[in-house]
Protein chains: 2
Amino acid sequence: MSDLLDHRVRHAWTPGGAAAVHLPPKAVRRLAERIGPLRAGAAVARESDLAVPESALPPAASADLAEVVGAEHVLTDRVARLGRCGGLSYLDLLRRRLPGELPVPDAVLLPGDPEQVQRVLEACARHDLAVVPFGGGTSVVGGVTAARGGKHAVVVLDLRRLNRLVSVDPVSRLAVFQAGVRGPEAERLLAAHGLTLGHVPQSFERATIGGFAATRSAGQASAGYGRFEDMVEGVRLATPRGEWRLGVAPASAAGPDLRELAVGSEGALGVLTEVTVRVRPLPAVERFEGFVLDGWERGTAAVRELAQAGALADVTRLSDADETEISLTLKGGGRTALLRRYLRARGVAEPCLLVLGWHGGTRREIGGRRARTVRMLRAAGAVRLGRSAGEAWRAGRFAGPRQRDALLDLGLCVETLETATHWSTLSRLRTEVRAALVDSLRAPGRSPVVMCHVSHAYETGASLYFTVLLPRDDADPVGQWVRAKRAACQAIAGSGSPLGTISHHHAVGADHAPYLAGEIGEIGISVLAAAKRAVDPTGILNPGTLLREQ
Amino acid sequence: MSDLLDHRVRHAWTPGGAAAVHLPPKAVRRLAERIGPLRAGAAVARESDLAVPESALPPAASADLAEVVGAEHVLTDRVARLGRCGGLSYLDLLRRRLPGELPVPDAVLLPGDPEQVQRVLEACARHDLAVVPFGGGTSVVGGVTAARGGKHAVVVLDLRRLNRLVSVDPVSRLAVFQAGVRGPEAERLLAAHGLTLGHVPQSFERATIGGFAATRSAGQASAGYGRFEDMVEGVRLATPRGEWRLGVAPASAAGPDLRELAVGSEGALGVLTEVTVRVRPLPAVERFEGFVLDGWERGTAAVRELAQAGALADVTRLSDADETEISLTLKGGGRTALLRRYLRARGVAEPCLLVLGWHGGTRREIGGRRARTVRMLRAAGAVRLGRSAGEAWRAGRFAGPRQRDALLDLGLCVETLETATHWSTLSRLRTEVRAALVDSLRAPGRSPVVMCHVSHAYETGASLYFTVLLPRDDADPVGQWVRAKRAACQAIAGSGSPLGTISHHHAVGADHAPYLAGEIGEIGISVLAAAKRAVDPTGILNPGTLLREQ
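Chain A is annotated in an unreviewed UniProt entry as Alkyldihydroxyacetonephosphate synthase of Amycolatopsis cihanbeyliensis. In its Cofactor (unreviewed entry) section, the UniProt entry covering chain A states "FAD". As recorded by UniProt, the Sequence similarities (unreviewed entry) comment attached to chain A reads in full: "Belongs to the FAD-binding oxidoreductase/transferase type 4 family."

Listed below in structure tokens is the structure:
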């Protein structure tokens, strides 16, 4: 538990209580030149400084829950509760660095199997307790905040003990996982069968199978392996109304696809306890490579051509010029300067880094696919950087959260947000979101950097992922980001007709719930609310997530 | 209108009042040897023999509806109403050949645009009229039966005037169609932009864009172009609660995907008025080809390997030995005998025909894909029949319904049903459905043929499509099929845990509604019913379709 506390309370992500990523001093200097003076921000709060109210869990409820999961799996101590006090958004992290009250649950339950989860929900319904399902706790949209939602107590249902690979069907290439299995463990269990899921979002090291499904996660290799919902063939959910299983065939015309209602339901329509996923042979060969395109428009046009020709690499990721520049800055080192000179000599005015990665059974198989892609890229004017640029990205593919800890320690406001839209709207959406962020964050002595990349491309459109960096406003650090996020969401959700989706792979949580009606209409909200009442008549499941409290 | 009447009342599908498919006499003789003596069945009913009750549409409702769509678009005449008295299932066709009452609507409305559809629904809600949306009328599962559902009158909403291509976005490869555009017209409109949808189900000639979406249609080239729901990027629905639009991005994590609730909603959750679809460049080159594999197990194993290697042809269709045999029989001719001898000489004991079709931009592009597929097939022991076998299938790809008319004229019971499941269950499901059909249909002097094919293959499983042929039981023709269909559905839906989905691409309609709870659970039914109440509080939309009447 103390390891968990270190992760979640002190340093958010980085294990061991100390930031594992150290930024080179030269990089810090160059960053400061760009965005304004940096200084160490609010110190990390000591555990003893954090306010933890008494648990409001009624003794009768506690006894009933202990009956289901065993007394040793009903935790009400300070450390266990502090360890599940929300997710990993910038505001979550900031609140843990500042004085003030944290959304600490009244108890943490550790059920041992799907049947126990079902019985826990029934007990919670009887005692009218709010229930927040909790996997890796990596939500960046307020999806695991222990909100009471009008109930007198809230329990966090930590699914870590649901950690089994239940079965494998190698003929159909299907695997059934319990919901609490984390990314690396899922891959380890599948690798024993020569199989892989191929789902590697940035949260991979911590996030769980249940969380991937509940939030419609998209991994870095989504072009090759699909989004997580593309992999989900079946689900088993616990709901206050009973167990619910879906998924008997690879495709069906038996009415609306209710799996698509369970996937993305963020714990508000049930607790995923098992997920049946499509798996694939473990790739024997991988190859990563970097290219540069000159400017955003040329870059996105090239990625669009690849997507529409079916020629995307499994990993396809295009950074805009600002992201390319800042990434090089944060790396520091002499090779960066060399690279800048090389690109200038090739006439590249605004280098946009394109990282491609292929996974395959044989070198020849990858070679055939790669040859076609590279031919198309050459025709689009791409400059090849070679494998080291691709390998450098791969080596740091999960380092983002750790790097964020280091930047927070430097007193920065650092956060990401993302959306997706159709190709013909992509540049307009990027321009408007950037402008909204820059306008709301600019202040004397503080100049935000807004970086953007496309990490998921489809035939008809792509995602946009923004990263914001600027000196924190220590007078009002929460308000600084709240205003910027609101401006960005309004730019995305538009007035009347949205320019893009409010989330491409981070989900709705509590943070995006106010914008959902703009995307799915008031009728959509009423349909979701009706579905929720059908499975959760008293509204105990993850209150305020997905649907605003009514 | 009289043309429509010919289609729908007299001969079901075949235009012009006469069966366009003539079976060679030799084929009829060989068929009779296999299944039992054939004789002309019940004569096609004359229009004047068909009972059409008075329209029960109240004058006030009629006046309100005329106000919305114009008096000339509120049809209450006998011909118009008879022309929309159900779909095209075997039982639908049989009922039109037999004396008895038909499910004739009280009126037919022809709205001219999405706004009129919306206002029609509001008027129908005010007057408490049941509303049955009607596109091509090709449902084979009772999805367009004019059921009153407890209301005092039912109107059919024929969407044929919603026949426009609203817009094309060539950059994003998206097109917006009104719901009433039929398959060939959609392709003609797109071809003017150099684009195609690539959706060619057997109902292509008649069925509509709205119908494709409402029923989760799957086209013959689904391996290349996807199922229809894979093509749907956005929908516009009219509902009694107001207009509902969904779909702003190629992919989203903004909660459950409600498009997947609209797609497959079969008119029970709203009337689709516009559909935004992903389109692709019109292929310049096509190639069809036939192969033979020896036996069902080898055949399905080969198709599975192709599907799991990403090596399926755009059209991939494997017939079992019975279907292969009967197809050859119905073709008649000397080449068939030659083919049989050729395959025997190659040691093929149980020939299973595999038809493959590729669509592409260039011959080279197709050649590259084909080479890989053929290499894998050779390794799996496939015998190549060449292009003529593929072209023969292509030439007759939409002829099934016409051939059925000809077989009905011969006094046959002829019907199809379909399902899908995972690869490891596929053979068991085929065996059990076959056995259920054969056991329930076998009778002295009548021996059913049950043919089966896989026409849609996925990484994790495939569809099964059954065709049943046997001499009609003139003493109880309806009961004969009702019992067989029930037995087949019970074999699919199983007791407790279903072996497959109750429909892979025909939808639920009224016919499969009793089996839906077995597939999505009572909780799933309650979620759908709640969603329906949210958009259609008084239950006027397509009563009895999708959800059984409560």
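Back to the text.
Draft legend 1. Structural detail: the overall build of chain A. Summing up its helical and strand segments, chain A has 20 helices and 18 strands in all. At 23 Å, chain A has a C-alpha radius of gyration in line with the 24 Å of a compact globule built from 550 residues. In terms of overall dimensions, chain A has C-alpha extents of about 75 × 60 × 45 Å along its principal axes. Here chain A, with 550 residues, has 63% of them falling under the buried criterion. In chain A, 77% of the contacts between residues at least 6 apart in sequence involve partners at least 24 apart. Counting every atom, chain A has about 19200 Å² of accessible surface; 51% of that belongs to carbon and sulfur. Averaging the coordinates of the 68 positive side-chain charges in chain A and doing the same for the 58 negative ones gives two points 7 Å apart.

Draft legend 2. Region of the structure containing the interface of chain B and chain A. Each partner contributes to the interface: chain B provides 72 residues, whereas chain A provides 72 residues. The contact between chain B and chain A buries some 5400 Å² in all, and 63% of this surface belongs to carbon and sulfur atoms. For the interface between chain B and chain A, the tally reads four salt bridges. Across the pair B:Arg280 and A:Glu459 runs a salt bridge whose closest N-O atoms are separated by 2.8 Å. Where chain B packs against chain A, one counts 32 residue pairs in polar contact (both at pLDDT 80 or more). Elements represented by at least two residues in the side of chain B that touches chain A include exactly strand E8 (232-239), strand E9 (242-246), helix H11 (259-262), helix H12 (296-308), strand E16 (412-422), helix H18 (423-441), strand E18 (461-471) and helix H20 (513-535) of chain B. It is H20(B) that contributes the most residues to the side of chain B that touches chain A, twelve residues altogether. Its residues assigned to classes, the side of chain B that touches chain A comprises 33 nonpolar, 22 polar and 17 charged.

Draft legend 3. Spotlight on helix H2 (residues 25-35) of chain B. Residues and elements named next belong to chain B. Buried within H2 we find Ala-27, Val-28, Leu-31 and Ile-35. Looking down the long axis of H2, one finds its buried residues gathered within 100° of arc, a one-sided arrangement. Opposite its buried face, H2 presents the exposed residues Pro-25, Arg-29 and Glu-33, each directed more than 90 degrees away. In this structure, the buried side of H2 is in contact with helix H13 (321-331), helix H17 (400-409), E16, strand E17 (449-454) and E18. Downstream of H2 by one or two residues, Gly-36 has phi in the positive range, about 120°.

Draft legend 4. View of the pattern of salt bridges. Throughout the structure, instances matching the rule amount to 76 salt bridges over all chains. Across the pair A:Arg95 and A:Asp92 runs a salt bridge, and its minimum N-O distance is 3.9 Å. With a gap of three residues between them, A:Arg95 and A:Asp92 both fall in helix H5 (residues 90-97), about one helical turn apart. We classify A:Arg95 as partly exposed; its relative accessible area is 36%. Measuring nitrogen to oxygen at the nearest pair gives 2.4 Å for the salt bridge that ties B:Glu289 to B:Arg384. Remark: B:Arg384 occurs in strand E15 (residues 383-386) and B:Glu289 occurs in strand E12 (residues 285-294); sequence separation between them is 95 residues. Among the ionic contacts, a cluster of salt bridges with common partners joins A:Glu115, A:Arg236, A:Glu243, A:Arg245 and A:Glu274.

Draft legend 5. Summary view of unusual backbone geometry. Residue and element names in this part refer to chain A. A positive phi angle, close to 70°, is found at Leu-546, a residue other than glycine. Tracing the chain through its elements places Leu-546 in the segment after helix H20 (513-535). We classify Leu-546 as buried; its relative accessible area is 1%.

Draft legend 6. The arrangement of the nonpolar core in detail. Counting 248 residues, the largest nonpolar core has A:Phe228, A:Leu437, A:Trp481, B:Phe177, B:Phe228, B:Leu437 and B:Trp481 as its most contacted members. Excluding residues within four positions of it along the chain, B:Phe228 makes contact with B:Leu197, B:His199, B:Ile209, B:Phe212, B:Ala213, B:Ser217, B:Val275 and B:Val277. Within the second largest apolar cluster, 26 residues are counted, among which are B:Leu65, B:Ala107, B:Val155 and B:Ala179.

Draft legend 7. Structural detail: the UniProt feature "active site" (unreviewed entry) in chain A. Residue and element names in this part refer to chain A. Those places that UniProt annotates as "active site" (unreviewed entry) correspond, in this numbering, to Tyr-465. Secondary-structure assignment places Tyr-465 in strand E18 (residues 461-471). Taking relative accessible area as the criterion, Tyr-465 reaches 11% and is therefore assigned buried. Once residues within four sequence positions are removed from consideration, Tyr-465 is found in contact with Gln-202, Thr-416, Leu-417, Glu-418, Met-451, Cys-452, His-453, His-505 and His-506. Within polar-contact distance, the side chain of Tyr-465 engages the side chain of Thr-416 at 3.2 Å.

Draft legend 8. Broad picture of the packing of H5(A) against helix H17 (residues 400-409) of chain A. All names here are of chain A. One way to put it is that H5 packs onto H17 with a least axis distance of 12 Å and a crossing angle of 45°. Here H17 runs oblique to H5, going by the angle between their axes. Where H5 crosses over H17, the handedness of that crossing is right-handed. Counted together, Tyr-90, Leu-93 and Arg-97 of H5 and Arg-404, Asp-405, Leu-408 and Asp-409 of H17 form the full contact between these two elements.

Draft legend 9. Just the pairing of strand E3 (residues 130-134) of chain B, in detail. Residue and element names in this part refer to chain B. The element E3 is extensively covered by neighbouring structure, given that five of its five residues are classed as buried. Side-chain alternation along E3 places Ala-130, Val-132 and Phe-134 on one buried face and Val-131 and Pro-133 on a second face that is also buried. Alignment of E3 against strand E4 (residues 154-158), held across five bridges, turns out to be parallel. Note that in E4 the partner of Val-132 across the bridge is Val-156.

Draft legend 10. Spotlight on the packing of aromatic side chains. Residue and element names in this part refer to chain A. For the coordinates displayed, the defined rule picks out eight aromatic pairs over all chains. Ring geometry for Phe-204 and Phe-398: centres 5.2 Å apart, planes at 25°, overall stacked. Of this pair, Phe-204 sits in the loop between strand E7 (195-196) and helix H8 (209-214) while Phe-398 sits in the loop between helix H16 (387-395) and H17; the two residues are 194 residues apart in sequence, bridging distant segments of the chain. Each of the two residues, Phe-204 as well as Phe-398, counts as buried. A cation over a ring is seen here: Arg-430 above Trp-296, with NZ or CZ 4.4 Å from the ring centre.

Draft legend 11. The arrangement of the UniProt feature "domain: FAD-binding PCMH-type" (unreviewed entry) in chain A in detail. Following the UniProt record, one finds the feature "domain: FAD-binding PCMH-type" (unreviewed entry) at residues 101-282 of chain A. Across residues 101-282 of chain A, helical content stands at 23% and strand content at 26%; the span's end C-alpha atoms are separated by 46 Å.

Draft legend 12. Local environment of the sheet that holds strand E3 (residues 130-134) of chain A. Residues and elements named next belong to chain A. Strands sit in the order E1-E2-E4-E3 across an open sheet of four strands; the sheet is mixed. Of all the strands in the sheet, just strand E1 (74-75) and E3 have a single pairing partner and so form its edges. Examined bridge by bridge, strand E2 (residues 107-109) and strand E4 (residues 154-158) share three bridges and lie parallel to one another. Pairing of Val-108 across the sheet is with Val-156, part of E4. Along the sheet face, helix H6 (residues 114-127) touches E2, E3 and E4 and points at about 175° away from the line of E4.

Draft legend 13. Examining the domain arrangement of chain A more closely. Residue and element names in this part refer to chain A. Looking at the assigned domains, one finds that chain A contains domain 1 (2-158), domain 2 (165-280), domain 3 (285-397) and domain 4 (402-493). A straight line from the C-alpha centre of domain 1 to that of domain 2 covers 24 Å. Linking domain 1 with domain 2 are one salt bridge. Residue Arg-236 pairs with Glu-115 through a salt bridge whose shortest N-O separation is 3.0 Å. At the junction of domain 1 and domain 2, the tally comes to two residue pairs in polar contact (both at pLDDT 80 or more). The element contributing the most residues to the side of domain 1 that touches domain 2 is H6, with seven residues. Here the residues of the side of domain 1 that touches domain 2 sort into nine nonpolar, six polar and three charged.

Draft legend 14. Up close: the relation of the copies chain B and chain A. Placing chain B over chain A gives an RMSD of 0.0 Å and needs a rotation angle of 180°, together with 0.0 Å of translation along the axis. Expressed as a symmetry operation, the mapping of one chain copy onto the other fits a two-fold axis. For chain B, the residue whose C-alpha comes nearest the rotation axis is B:Ala530, separated from it by 2.7 Å. Looking at the interface residues of chain B, 100% of them are also at the interface in chain A, so both copies use one shared face.

What counts and how
- Sequence order sets the numbering: in each chain, residues are counted from 1 along the sequence as written.
- The naming scheme follows written order: chains are lettered A onward, ligands numbered 1 onward.
- Reporting of local features is limited, given that this is a predicted model, to residues whose pLDDT is at least 70; pairs of side-chain atoms are given and counted only at 80 or more, and all residues count toward the totals for whole chains, interfaces and linings.
- Only hydrogens and water are set aside when side-chain values are computed; all heavy atoms of the structure are taken into account.
- UniProt positions are given in the numbering used here, feature names are shortened, and annotations may be inferred rather than shown by experiment.
- Only DSSP runs of H or I with at least four residues qualify as helices, and only runs of E with at least two residues qualify as strands; both kinds are numbered from the N terminus onward.
- For a compact globule the rule gives 2.2 Å times the number of residues to the power 0.38, and the radius of gyration it is set against comes from C-alpha atoms.
- Only protein chains enter the area calculation, which uses a 1.4 Å probe; residues under 20% of their type maximum are buried, those over 50% are exposed, and those in between are partly exposed.
- Two residues qualify as a contact provided that any one of their heavy atoms is within 4.5 Å of a heavy atom in the partner residue.
- For accessible areas, the Shrake-Rupley method is used with a probe of radius 1.4 Å. Any residue's cover is judged against the shown protein chains and nothing else.
- By the counting rule applied here, Lys and Arg register as positive and Asp and Glu as negative, while His and the ends of each chain are not counted.
- The atom standing in for a charge is NZ when the residue is Lys, CZ when it is Arg, CG when it is Asp and CD when it is Glu.
- Note on definitions: buried area is the accessible-area loss of two parts on being combined, 1.4 Å probe, summed for both.
- Only one rule defines a salt bridge in this text: a Lys or Arg side-chain nitrogen within 4 Å of an Asp or Glu carboxyl oxygen.
- We define a polar contact as two N or O atoms separated by no more than 3.5 Å, with the added condition that, inside protein, one atom must be a possible hydrogen donor and the other a possible acceptor, whereas residues neighbouring each other in sequence contribute only through side-chain atom pairs.
- Three residue categories are used. Nonpolar comprises Ala, Val, Leu, Ile, Met, Phe, Trp, Tyr, Cys and Pro, charged comprises Asp, Glu, Lys and Arg, and polar comprises the others, including Gly.
- Note that the arc is defined by the directions from the helix axis to the C-beta atoms.
- Residues grouped as a nonpolar core are buried Ala, Val, Leu, Ile, Met, Phe, Trp, Tyr and Cys residues, joined through side-chain atoms within 4.5 Å.
- A fitted line through C-alpha atoms represents every axis, and for helices the fit uses only the stretch in contact; the resulting angles, taken between N-to-C directions, go from 0 to 180 degrees.
- Should an angle fall under 35 degrees it is taken as roughly parallel, and over 145 as roughly antiparallel, whereas 65 to 115 is taken as roughly perpendicular and any remaining angle as oblique.
- Note on convention: the crossing is left-handed when the near helix lies turned anticlockwise from the far helix by less than a right angle, right-handed when the turn is clockwise.
- For two strands to count as paired, DSSP must find a minimum of two bridges between them.
- Side-chain rings of Phe, Tyr and Trp (the six-membered ring for Trp) are treated as a pair once their centres are within 6.5 Å; stacked means planes under 30 degrees apart, edge-to-face means over 60, and tilted covers the remaining angles.
- We call a charge positioned over a ring when the NZ of a Lys or the CZ of an Arg lies within 6 Å of the ring centre and within 35 degrees of the ring normal.
- Each domain's extent is set by a domain assignment, obtained either automatically or from a database.
- The copies were overlaid with a least-squares fit restricted to C-alpha atoms from residues scoring a pLDDT of at least 70 in each copy.

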